[in-house]
Amino acid sequence: MLVVECPSEKFLEPFVSESQFQDYQAEATDPSKIASLVVHFTPSEILKSPLYQKWMQRFPSTTCHLILNEDCSTVNSTAVHKIQHQLNLLHPQIFSLLHEKEEVKNDISSMIPNTIQACTLERYNLRPFNGIDENSALKLQPDEFIEEAMKAEGFEILLRELKYKIEEKRRHLKMEILKSSEKEYILMDCGEGTYGQILRLFGDKNEDLLLHLSVIFISHMHADHHLGLITILKERKRIFNKLERNYEKIRLIGPMNLKQWLKHYSMNFENVKSLYKFVECSSLEHDEFFNLHFENTFQCCPDLLISTVPVNHCQDAHGIIVSSKSSKWKLVYSGDTEPCNRLVIAGKDCSLLIHEATMEDDLATEAAVKRHCRTCLPRRHLYLALRQICLKLLRRIGS
């Protein structure tokens, strides 16, 4: 078995000319060494190159070519689709069905025999040699999902089941997308798997979203809020290249440690520094008395006023406030935080509040230790917060 990758065109000529491959191709002096399987991680644009395909043809027709690249089916979990189909029965508009690339057309299979575009959980059996086994491959079965939902013992049980399943499946995927205008999007937090969520939520329109993504906001440095960032940056760059458009740096708002993290990544792995323009969260902090919020307008989104609010979670954690000068709406996103008076003050009169509620109400101790909010905070907290705001304002006026 061979596992190969030719990542770009500049490697193509030396790759196909490498003499060591001959030991595993049709002209091998020892027939027992001929590869029964070649796994290709090579990108689609290189795979379609006549030079690369000519190299593939040097293997005998008995060799299986398994393709693993961006053209493969995007179905990697049936559970999330099962949940979404069940929720869709409750409200089709709120819980729209997810998009997936299920049917993958292999353009080179007609030219290269025994070529397969891989699917999730497919197997290739080497010992004993049984070749490809597609029986375990993931396939979406919408009719089965709906039938299971219909057999549930009432909506209450169904909702309770969905609640826990959603918490289990999505707890590590933190992101919110704000469509601020017809051609303008803001991404708030970017956990691992964000790009996959965008593909499933927007389908063929995902490229349009990334192309018109103006701002990315990272609330704090916990991994479940920023590990998907580099993939988003790279995919956005790929789309500009594909459309042959001049790249426009995205505005990236985040804690100072995020800037250092990206710097180290660029130094040790691949350079992504040219893909963004960094703005530190602390430079945009909202001031409830001097209204600094109204000064933070960016050229990339001139109609929007953007400011940040320090919140009670970890070092340099912030929420964000976005408002429109023309439409007069105001959105507040808390990020992760325990109850925070600063956010209450800054978010007053907002049109939409997106607030975390990680812990159930009976997990008060754990919520306090991890500095998260609970789903049903007692009204006493709201009363105390409002009382402190009033006292602070009265002291300010008195001085």
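How each quantity is defined
- Here the residue index of a chain counts from 1 through its sequence in written order.
- pLDDT decides what is reported in this predicted model: residues at 70 or higher carry local features, side-chain atom pairs at 80 or more are listed and counted, and totals for whole chains, interfaces and linings draw on all residues regardless.
- The side-chain values count all of the structure's non-hydrogen atoms but skip hydrogen atoms and water molecules.
- For helices the rule is a DSSP run of H or I covering at least 4 residues; for strands it is a run of E covering at least 2, with both sets numbered from the N terminus onward.
- To estimate how far a helix should reach, multiply one less than its number of residues by 1.5 Å.
- Relative accessibility under 20% of the residue-type maximum defines a buried residue, over 50% an exposed one, and the middle range a partly exposed one, all with a 1.4 Å probe and only protein chains included.
- Axes here refer to lines fitted to C-alpha atoms; in helices the fit is confined to the stretch in contact. Angles between the N-to-C directions go from 0 to 180 degrees.
- Working definition: roughly parallel below 35 degrees, roughly antiparallel above 145 degrees, roughly perpendicular at 65 to 115 degrees, and oblique for all remaining angles.
- In this scheme the handedness of a crossing depends on how the near helix is turned from the far one: anticlockwise by less than a right angle means left-handed, clockwise means right-handed.
- Here, two residues are considered to be in contact whenever any of their heavy atoms come within 4.5 Å of each other.
- Here the rule is simple: two strands pair whenever DSSP picks up at least two bridges between them.
- Each residue gets a pLDDT score, which is the predictor's confidence in that residue and runs from 0 to 100.
- Put simply, a patch holds well-exposed residues, over 30% relative accessible area, that have no salt bridge, with like charges counted together within 9 Å and Val, Leu, Ile, Met, Phe, Trp or Tyr side chains within 5 Å.
- Here the Shrake-Rupley method, with its probe set to 1.4 Å, supplies the accessible areas, and only the displayed protein chains count as covering residues.
- A pairing counts as a salt bridge when a side-chain nitrogen of Lys or Arg comes within 4 Å of a carboxyl oxygen of Asp or Glu.
- For the purposes of these results, a polar contact is taken to be a pair of N or O atoms within 3.5 Å, where, inside protein, one atom must be able to donate a hydrogen and its partner to accept one; residues adjacent in sequence count only when each atom of the pair is a side-chain atom.

Novice: So what exactly am I meant to see when it comes to helix α9 (residues 229-242) here?
Specialist: Think of an α-helix as 3.6 residues a turn; residues three or four steps apart then line up on the same face. An ideal rise of 1.5 Å per residue puts 20 Å on 14 residues; α9 measures up with 20 Å between its terminal C-alpha atoms. Burial in α9 covers these residues: Leu229, Ile230, Ile232, Leu233, Glu235, Arg236, Ile239 and Phe240. Within two residues after α9, Glu244 carries a phi angle of roughly 55 degrees, on the positive side.

Novice: Sorry, what's going on with the packing of helix α4 (residues 79-90) against helix α5 (residues 142-150) here?
Specialist: Contact geometry for α4 and α5: axes closest at 9 Å, N-to-C directions at 60 degrees. Relative to α5, the element α4 lies oblique. Regarding α4 and α5, the two cross each other, and that crossing is right-handed. Between α4 and α5, the contacting residues are His81, Lys82, His85, Gln86 and Leu89 on the first element and Pro142, Phe145, Ile146, Glu148, Ala149 and Met150 on the second.

Novice: Honestly, the sheet that holds strand β8 (residues 184-190) in this entry has me stumped. Any pointers?
Specialist: Strand pairs in the sheet, formed through backbone hydrogen bonds, run parallel or antiparallel to each other. Strand order in the open sheet made by the five strands is β7-β8-β9-β10-β11, with mixed pairing throughout. Each edge of the open sheet is held by one strand with a lone partner, namely β7 (175-181) and β11 (276-280). Taken pair by pair, the neighbouring strands of this sheet meet at an average axis angle of 20 degrees, ignoring direction. Looking at chain direction, strand β10 (residues 250-254) and β11 are connected through five bridges and run parallel. Within β11, the position partnered with Arg251 by the bridge is Lys277.

Novice: Just checking my understanding: could you explain unusual backbone geometry for this structure?
Specialist: For residues that are not glycine, phi is negative in most cases, and the peptide bond is trans in most cases. With an omega of -10 degrees, the peptide bond running from Arg127 to Pro128 counts as cis. With respect to the helices, strands and loops of the structure, Pro128 is situated in the loop between β5 (123-125) and β6 (131-133). Despite not being glycine, Asp189 has its phi angle at roughly 70 degrees, a positive value. Considering the arrangement of structural elements, one finds Asp189 in strand β8.

Novice: Can you walk me through the pairing of β8 in this structure?
Specialist: The side chains of a regular strand alternate, residue by residue, between the two faces of the sheet. Burial of β8 is extensive: seven of the seven residues sit out of reach of the surface. Of the strand pairs in this sheet, β7 and β8 are connected by six bridges, and their pairing is antiparallel. Bridge pairing in β8 links Lys179 to Tyr185. Examined bridge by bridge, β8 and strand β9 (residues 213-217) share four bridges and lie parallel to one another. Following the sheet pairing, Leu187 is matched in β9 by Ile216.

Novice: What should I look at first to understand helix α7 (residues 194-202) in this one?
Specialist: For α7, the complete set of buried residues consists of Thr194, Tyr195, Gly196, Gln197, Ile198 and Arg200. A positive backbone phi angle near 55 degrees is found at Gly203, which sits one or two residues after α7.

Novice: Mind showing me how you'd approach the pairing of strand β13 (residues 318-324) here?
Specialist: Most of β13 sits inside the fold, with seven of its seven residues counted as buried. The pairing of strand β12 (residues 304-310) with β13 spans seven bridges and is classified as antiparallel. By the bridge assignment for β13, Ser307 is matched with Ile321. Alignment of β13 against strand β14 (residues 330-333), held across four bridges, turns out to be antiparallel. In the strand pairing of β14, Ile320 is matched with Tyr333.

Novice: Any chance you could explain the confidence of the model for the chain here in plain terms?
Specialist: Per-residue confidence for the chain averages 82 on the pLDDT scale, and 83% of its residues sit at or above 70. Across the chain, β10 holds the top mean pLDDT of 95, while helix α6 (residues 154-170) sits lowest at 41. Predicted confidence is poor over residues 154-172, with pLDDT under 50, and the contacts of this stretch with residues over four places away or in other chains come to 22 contacts.

Novice: Help me out: how do you make sense of a nonpolar patch on the surface in this one?
Specialist: Residues Met1, Val3, Phe41, Leu68, Leu126 and Phe129 make up a contiguous nonpolar surface patch of roughly 580 Å² in combined accessible area. Positionally, Leu68 belongs in the loop between β3 (64-67) and α4. Leu68 gets classed as partly exposed once you look at its relative accessible area, which sits at 31%.

Novice: So what exactly am I meant to see when it comes to the environment of Glu285 here?
Specialist: Position of Glu285 among the secondary structure elements: in the loop between β11 and β12. With 36 residues separating them in the primary sequence, Glu285 and Ile321 have C-alpha atoms 9.7 Å apart. Polar contacts involving the side chain of Glu285 include one to the side chain of His318, which spans 3.0 Å.

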